[in-house]
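Chain residues, written in single-letter form:
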Amino acid sequence: MRRTAAALCAAALLATGACAADDPESIVDKEVLRIGVPDDYPLLGAPDENGDLVGFEIDVAEHLAAELGAEPMWVPVANEDREAFLQAGKVDMVVAAYSITADRKQEIDFAGPYVLESFNVMVREDDDSIATLGDLEGKTVCDSRYSNVVLRIEGEHGVQVDTYEVRSFADCLDVLAEGGIDAIATDEFVLAGLKFSRSDLRLKILDIRFSNERIGIGLRSGDTAGCEALNRAITEMYTDGTMARTLQEWFASEGLDVADPPIPQFEGCE
Amino acid sequence: MNAAPDEAALGRLGLARGAAGARSLWVRAAVAVAALAAMFASLAVAVTAARGALDVIGHESGRQVVATVDLYVALSDADTKVATVLLLGADAPVETEAALREYAALRGDIAKSLLEAHRLAGAAQTQRDTIESIMGYYGQYEQLAAEALLLADLADYPAGQVPEDVLAAYRAAADLMQGWILPQAYNLTLENGTIVRESHDGAQSAIGFGLAAVAATGAAALAALAWLQLHLARAFRRLLNPSLLVTTAVAALYLFTGLVVLGAERDALDEAKTDGFDTTMSLKRAEAISTSLHADQVRYLLDPARVDVYEQTFLDKAQQLLYIDGAGNLADYRTGLGGGADQGLIAAGLDRGAAGDAALASYASLIDADAAMRADAAATPAERLRAVTDALAEYEGDLAALVEARLDTFDDAIGDGEDAIADFAFLLPAAMVSLIVLTFSGLAPRLREFR
């Protein structure tokens, strides 16, 4: 069967001069890429005044799609739907503050990481009771379903917290401000966006960087050619300064030090 | 008898004598020779693609994978030696001396590896740029590391109590190593893996196409030769033309040989890629990740402010080497490892031999030693470090043995592939010329009859 396919593929090569060496479903062969992006994380992916999605993830995804020669089509995706959407073929790739973890890699593949960042903690401006990760012990922390942050806090660092479960971290903002919970812990980029979107709430971001998150591009399992093409595009974004510019544009004004971003070590495409 | 209707009838049969007869003989011969030429051209294209892929896998990008991982390992080890010296301070002069000596030796290895990687990059400009970028950053690293070592020498502190200015100087160096130098080296390894895959896939397509094309053109050539034979039999009432018969038999033999060689080449390429390259690549990547795993251990002891992060990155790397389902912390990981693991970079490179078992066992011992190191806060840093370095040395030795064995398989597979097509460069033109000569030597006496 594989040999037949190879022979047919070779015949196609002769006839058209184009031939996909891999699975025909590879993202490198698509003219339109359905990209799963956040639509409720300001600075990362959220509607502007015209209703168009804008943000860091949108810019990155747009650039990568262009590098692959495809037209991007945005599909808003919540944290909990990321693996499922990829596996069901509802999206071709996910660019949505998606941390690469060994467990997730059993379900899907990751290109990248395209950026490195840390988990951090946001609390009320007048709350001085939390200075280290250990201070979260017994406190109530916002937990978005299928985020890996509580796993890190409890599983890796042995700090036991109560969780307040929501679909999106944005749903925790008012609850945090009103004292219903004590903290939101997640990617520092997401925190910066949340704080930026609700400056009226008087929240502050601490300096407890307790993890090293590798943010990658979720892909359907087995698309090696697609994964490699994305890695090449990411390398290019670092070499030509696109990544540094994009990070600066969205996060520099929020006080994040993103002027000279470190180069991510790729996971590799299996 | 009227000659004209006879000539007309013969003409319809394609048996015209004179100029028309000679032309029809020429046309048939030309068709046969064209089909033969097409068969040999298809073979040549497929064989050239296979040879190109073997070059890329065996001698260019395949070698670059090995060279860039060796570079990565030397760089990461050098950083670990610096961290070790800083950690031990003034308390363990013997270990400190040893670490400094190794650091000096590693700087030599790094220079050598950089040159080798640059040489193997050949004309590939992006790869050369990357290697030059690593060279530039490494120059800065050496300065920062020297600064940290000098500050440490002046401060003369007890082991484990590293002054803040020494730590700050080291962090600058370590950040450069982890954030700019090592990732570029590792990504270069992966990029060469991509080049190998693309080259392999391209050659397999070309061979698949070659097989179909050789079969089709070969069948056409045999049919054309038979057609020529039939024509001669009818026109000249000779049952068989011996010379053409030999041509046909030899063409059939070449067709058969060509198909067999291409089939064998396809298998040899597959073996070189899958059993040779892919497993070597996994194990070489495992070597790279393993050295940076140890770097995280030393930094864990060195820099209390970043303990959480270094413990997490250690776990992430361990999960890359051997994956344990759902292991959210090091204790779970260690427990899970007892149950065996069959996924991850090490697992991908294992065969069922004793070398594989040894590597798995020494890896498990390293994880045990790591747990002991983390738990034993009362011991001196030198003691804690010694517990893991012994286990690490054994594990790295076993891993290196596994890599060696895989590299041999890899070289053998490349050699087999090259042997299968070694004579083709000479054989193909020779076969082509000999078949054309045979064809026309069979026709020459008949063509003379037209004069």
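The structure presented is a predicted model; accordingly, all values stated were derived computationally and were not measured.

Of the regular secondary structure elements, chain A holds 8 helices and 12 strands. A globule of 270 residues ought to have a C-alpha radius of gyration of about 18 Å, and chain A, at 20 Å, matches this closely. Along the three orthogonal principal directions, the C-alpha set of chain A runs to about 70 × 35 × 30 Å. Residue burial in chain A is summarised as follows: out of 270 residues, 55% are buried. Look at the contacts in chain A between residues 6 or more apart in sequence, and 71% of them connect residues 24 or more apart. The centroid of the 22 positive side-chain charges in chain A is displaced by 3 Å from the centroid of its 53 negative side-chain charges.

Another point: the sheet that holds strand E1 (residues 32–37) of chain A. For sheets, the rule is that strands pair by backbone hydrogen bonds, running either parallel or antiparallel. Residue and element names in this part refer to chain A. The strand order across the open sheet formed by 5 strands is E4-E1-E5-E12-E6, and the pairing between neighbours is mixed. The sheet is open, and its two borders are formed by strand E4 (71–76) and strand E6 (109–117), each paired with just one other strand. Going from strand to strand, the sheet's axes swing by 25° on average, the running direction of each strand aside. Pairing analysis gives 6 bridges linking E1 to E4, with the strands arranged parallel. Bridge pairing in E4 links Arg-34 to Met-73. Sitting on the sheet, helix H7 (residues 224–239) touches strand E5 (93–99), E6 and strand E12 (213–219), and the angle it makes with E6 is about 20°.

To continue, consider the UniProt feature "domain: Solute-binding protein family 3/N-terminal" (unreviewed entry) in chain A. The UniProt entry lists residues 32–254 of chain A under the feature "domain: Solute-binding protein family 3/N-terminal" (unreviewed entry), expressed in the numbering used here. The span residues 32–254 of chain A carries 30% helix and 28% strand; its end-to-end C-alpha distance comes to 33 Å.

Right, let's get into the packing of helix H6 (residues 242–302) of chain B against helix H7 (residues 307–321) of chain B. Residue and element names in this part refer to chain B. The interhelical angle for the contact between H6 and H7, taken along N-to-C directions, is 160°, at an axis separation of 9 Å. Between H6 and H7, the interaxial angle falls into the category roughly antiparallel. The two elements H6 and H7 cross, and the hand of that crossing is left-handed. Taken together, the residues of H7 that come into contact with H6 (itself represented by Ala-286, Ile-289, Ser-290, Ser-292, Leu-293, Asp-296, Gln-297, Arg-299 and Tyr-300) are Val-307, Tyr-310, Glu-311, Thr-313, Phe-314, Lys-317, Ala-318, Gln-320 and Leu-321. Within the contact of H6 with H7, the residues separate by chemical class into 9 nonpolar, 5 polar and 4 charged.

All names here are of chain A. This model, assessed by the stated rule, comprises 2 disulfides over all chains. Through a disulfide, Cys-142 is tied to Cys-172; the S-S separation comes to 1.9 Å. The chirality of the disulfide connecting Cys-142 with Cys-172 is right-handed, given an S-S dihedral of about 85°. Of this pair, Cys-142 sits in strand E8 (residues 140–144) while Cys-172 sits in the loop between strand E9 (162–166) and helix H5 (173–177), and the two are 30 residues apart along the sequence. An identical accessibility class is assigned to Cys-142 and Cys-172; each is buried. Note on cysteine connectivity: Cys-227 is disulfide-linked to Cys-269, with sulfurs 2.0 Å apart.

Turning our attention to the packing of helix H4 (residues 125–155) of chain B against helix H5 (residues 164–236) of chain B. Residues and elements named next belong to chain B. Look at H4 against H5: their axes get within 9 Å of each other, and the N-to-C directions meet at 160°. It follows that H4 is roughly antiparallel to H5 by the angle criterion. The way H4 lies across H5 gives a crossing that is left-handed. Within the contact of H4 with H5, the residues separate by chemical class into 23 nonpolar, 6 polar and 1 charged.

Counting from both sides, the interface comprises 39 residues of chain B and, opposite them, 36 residues of chain A. For the pairing of chain B and chain A, the buried interface totals around 3,000 Å² over both sides, and the portion due to carbon and sulfur atoms is 47%. Here chain B is connected to chain A by 5 salt bridges. For the side of chain B that touches chain A, the secondary structure elements donating two or more residues are H5, H6 and H7 of chain B. Among the elements that take part in the side of chain B that touches chain A, H5(B) stands out by supplying 17 residues, more than any other. Each residue belonging to the side of chain B that touches chain A can be placed in one class, and the counts come to 13 nonpolar, 14 polar and 12 charged.

What follows concerns the UniProt feature "transmembrane region" (unreviewed entry) in chain B. Residue and element names in this part refer to chain B. As annotated in UniProt, the feature "transmembrane region" (unreviewed entry) corresponds to residues 25–47, 206–228, 240–264 and 424–444 in the numbering used here. Structurally, residues 25–47 is divided into 100% helix and 0% strand, and its ends, taken at the C-alpha atoms, are 33 Å apart. Secondary structure within residues 240–264 divides into 92% helix and 0% strand; the distance between the first and last C-alpha atoms comes to 35 Å.

Residues and elements named next belong to chain A. Here 5 strands make up an open sheet; going across it, the order is E9-E8-E10-E7-E11 and the pairing mixed. Strands with a single pairing partner mark the edges of an open sheet, and in this sheet they are E9 and strand E11 (203–205). Ignoring which end each strand starts from, the neighbouring axes of this sheet average 30° apart. Sheet topology places strand E7 (residues 119–124) next to strand E10 (residues 183–187); 4 bridges connect them, and they run antiparallel. Its bridge partner lying in E10, Phe-119 is registered against Asp-187. Against the sheet, helix H4 (residues 149–156) touches E7, E8, E9 and E10, its axis set at about 105° to E10. Sitting on the sheet, helix H6 (residues 188–197) is in contact with E7, E10 and E11, with an inclination near 130° to E10.

All names here are of chain B. Within the fold, Asp-398 resides in helix H11 (residues 381–421). Buried and unpaired, Asp-398 has Arg-406 as its nearest opposite-charge partner, separated by 15 Å. Within polar-contact distance, the side chain of Asp-398 engages the side chain of Ser-362 at 2.9 Å. What Asp-398 contacts, discounting residues up to four positions off in sequence, is Ala-358, Ala-359 and Ser-362.

Attention shifts here to H7(B). All names here are of chain B. For H7, with 15 residues, the first-to-last C-alpha span of 21 Å sits near the 21 Å given by 1.5 Å per residue. In terms of residue burial, H7 counts as a mostly covered element, since 12 of its 15 residues are buried. Among all positions of H7, only Val-309, Tyr-310, Gln-312, Thr-313, Phe-314, Leu-315, Asp-316, Lys-317, Ala-318, Gln-319, Gln-320 and Leu-321 are buried.

Accessible area lost when the parts come together is the quantity often used to give the size of an interface. All names here are of chain A. Partitioning chain A into domains gives domain 1 (24–117 + 214–254) and domain 2 (119–205). At the boundary of domain 1 with domain 2, total buried surface from both sides reaches about 1,800 Å², with 56% on carbon and sulfur atoms. Counting across the domain 1 and domain 2 interface gives 2 salt bridges. A salt bridge links Arg-167 to Asp-81; the nearest nitrogen and oxygen atoms lie 3.3 Å apart. Elements that contribute at least two residues to the side of domain 1 that touches domain 2 include exactly E5, E6 and helix H8 (242–251). Residues belonging to the side of domain 1 that touches domain 2 are distributed by class as follows: 11 nonpolar, 3 polar and 7 charged.

Glancing now at the pairing of E9(A). Residues and elements named next belong to chain A. Inspection of the sheet shows E8 paired to E9 by 5 bridges, in the parallel sense. Bridge pairing in E9 links Thr-140 to Asp-162. Regarding the hand of the β-α-β motif, the stretch spanning E8, H4 and E9 is right-handed.

The rules behind the values
Residues numbered from 1 in each chain as written. Chains lettered and ligands numbered in written order. Predicted model: local features only at pLDDT ≥ 70, side-chain atom pairs only at ≥ 80, totals over all residues. Heavy atoms only, no water. Helix = DSSP H or I, 4+ residues; strand = E, 2+ residues; numbered from the N terminus. Rg over C-alpha atoms; globule rule 2.2 N^0.38 Å. Buried < 20%, exposed > 50% of the residue type's maximum accessible area, 1.4 Å probe, protein only. Contact = heavy atoms within 4.5 Å. Lys, Arg positive; Asp, Glu negative; His and termini not counted. Charge placed at Lys NZ, Arg CZ, Asp CG, Glu CD. Pairing = 2+ DSSP bridges. Axes fitted to C-alpha atoms, helices over the stretch in contact; angles between N-to-C directions. UniProt positions renumbered as here; feature names shortened; annotations may be inferred. Parallel < 35°, antiparallel > 145°, perpendicular 65-115°, else oblique. Left-handed = near helix turned anticlockwise from the far one by under 90°. Nonpolar A, V, L, I, M, F, W, Y, C, P; charged D, E, K, R; others polar. Disulfide = S-S within 2.5 Å. Buried area = accessible area lost by both parts, 1.4 Å probe. Salt bridge = Lys/Arg side-chain N within 4 Å of Asp/Glu carboxyl O. Polar contact = N/O pair within 3.5 Å; in protein donor to acceptor, adjacent residues only side chain to side chain. Expected span 1.5 Å × (residues − 1). Domains from an automatic or database assignment. Right-handed = clockwise from strand over helix to strand, strands pointing away.

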